[in-house]
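Per-entry structural report
Listed here are the chains, written in short residue letters.
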Amino acid sequence: MAAARAGRVLRQQGSTKAASISSLWRINSYVSSQGEDPDTHDDFKPVERDAESAPSVHETIQKDIKENPVMVYMKGVPEAPQCGFSAMVVRILAEHGVKYKSRNVLVDQELRDGIKSFSNWPTVPQVYVAGEFVGGSDILISMHRSGELQEMLKGLQKES
């Protein structure tokens, strides 16, 4: 459908261009749908997960929050947050000097959807402390301002 639309637009600009672009579009679609391209490095080939042996996304999340006293699901990484709300969570946790782990939901759509269903909270970032869901950036900001977050983080390992 997109190829036909592109072809129509290009036909208005010149039929030779349209024919060559349309042909390239079809070839590109064919090549990219093949998956067994010998010129593609293994790092870029689709990964198939064994559904029986791989843990579910909810099991992975449960393991993350159990093993890490402070766990953040965010857009981007702490060194380079990809949204302002995630950046705010990183700044608040840095101000408290608390050690935490994070996962970038932008690299895994299943994780991005899974964290929302796990917590029944529609947005990211999401912060967990001592295995409990605290909330997103708005709640963290409020707790930070009131001093409640400082109390909650008391006794947790500080960054060195």
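Above this text sits the structure in question.
The structure contained in this document is the topic of the report that follows. All values derive from a computational prediction rather than experimental measurement.

**Points about the nonpolar core**
Grouped together as the largest cluster of nonpolar side chains are 16 residues, with contacts concentrated most on Val70, Val72, Leu93, Leu140 and Leu153. The set of elements that each furnish at least two residues to this core consists of β1 (70–74), α4 (84–96), β5 (126–129), α6 (137–146) and α7 (148–153). In terms of residue count, α4 provides more of this core than any other element does, four residues in total. What Val70 contacts, discounting residues up to four positions off in sequence, is Leu93, Val98, Lys99, Tyr100, Lys101, Tyr128, Val129, Leu153 and Leu156.

**Some details on the pairing of β1**
The element β1 is largely enclosed, with a buried count of five among its five residues. Burial along β1 is two-sided: the face carrying Val70, Val72 and Met74 and the face carrying Met71 and Tyr73 are both buried. Where β1 and β5 come together, four bridges link them in antiparallel fashion. Within β5, the residue paired with Met71 across the bridge is Tyr128.

**Details of unusual backbone geometry**
Omega for the peptide link from Val124 to Pro125 comes to 20°, which places this bond in the cis form. You can see Pro125 is positioned in the loop between α5 (109–119) and β5. For Asn120, which is not a glycine, the phi torsion comes out positive at approximately 60°. Looking at where Asn120 falls in the secondary structure, it is placed in the loop between α5 and β5. According to the relative accessible area criterion, Asn120 is exposed, its value standing at 69%. Within the chain, Ala130 stands out as a residue other than glycine whose phi angle is a positive 50°.

**Description of the packing of aromatic side chains**
Tallied over the full model, the rule gives four aromatic pairs. Of the aromatic side chains, those joined through ring pairs into one cluster are Tyr73, Phe118, Trp121, Tyr128 and Phe133.

**Details of the side chain of Asn104**
When you line up the elements, Asn104 lands in strand β4 (residues 101–104). We classify Asn104 as buried; its relative accessible area is 19%. Here the side chain of Asn104 touches Gly76 through a polar contact of 2.9 Å, landing on its backbone nitrogen. Separated by 2.9 Å, the side chain of Asn104 and the backbone nitrogen of Leu106 make a polar contact.

**Considerations on the pairing of β5**
The alternating pattern of β5 places Gln126 and Tyr128 and Val127 and Val129 on opposite faces, both of which are buried. Here three bridges tie β5 to strand β6 (residues 132–135), and the two strands are oriented antiparallel to one another. Note on β6: the bridge partner recorded for Val129 is Glu132.

**With respect to the packing of α4 against α6**
As a packed pair, α4 and α6 sit with axes 9 Å apart at the nearest point and diverge in direction by 30°. Here α6 runs roughly parallel to α4, going by the angle between their axes. Crossing hand, α4 versus α6: left-handed. Contacts between α4 and α6 involve Phe85, Met88, Val89, Ile92, Glu95 and His96 from the first element and Ser137, Leu140, Ile141 and His144 from the second.

Rules behind the numbers
Residues numbered from 1 in each chain as written. Predicted model: local features only at pLDDT ≥ 70, side-chain atom pairs only at ≥ 80, totals over all residues. Heavy atoms only, no water. Core = buried A, V, L, I, M, F, W, Y, C linked by side-chain atoms within 4.5 Å. Buried < 20%, exposed > 50% of the residue type's maximum accessible area, 1.4 Å probe, protein only. Helix = DSSP H or I, 4+ residues; strand = E, 2+ residues; numbered from the N terminus. Contact = heavy atoms within 4.5 Å. Pairing = 2+ DSSP bridges. Phe/Tyr/Trp six-rings, centres within 6.5 Å; stacked < 30°, edge-to-face > 60°. Polar contact = N/O pair within 3.5 Å; in protein donor to acceptor, adjacent residues only side chain to side chain. Axes fitted to C-alpha atoms, helices over the stretch in contact; angles between N-to-C directions. Parallel < 35°, antiparallel > 145°, perpendicular 65-115°, else oblique. Left-handed = near helix turned anticlockwise from the far one by under 90°.

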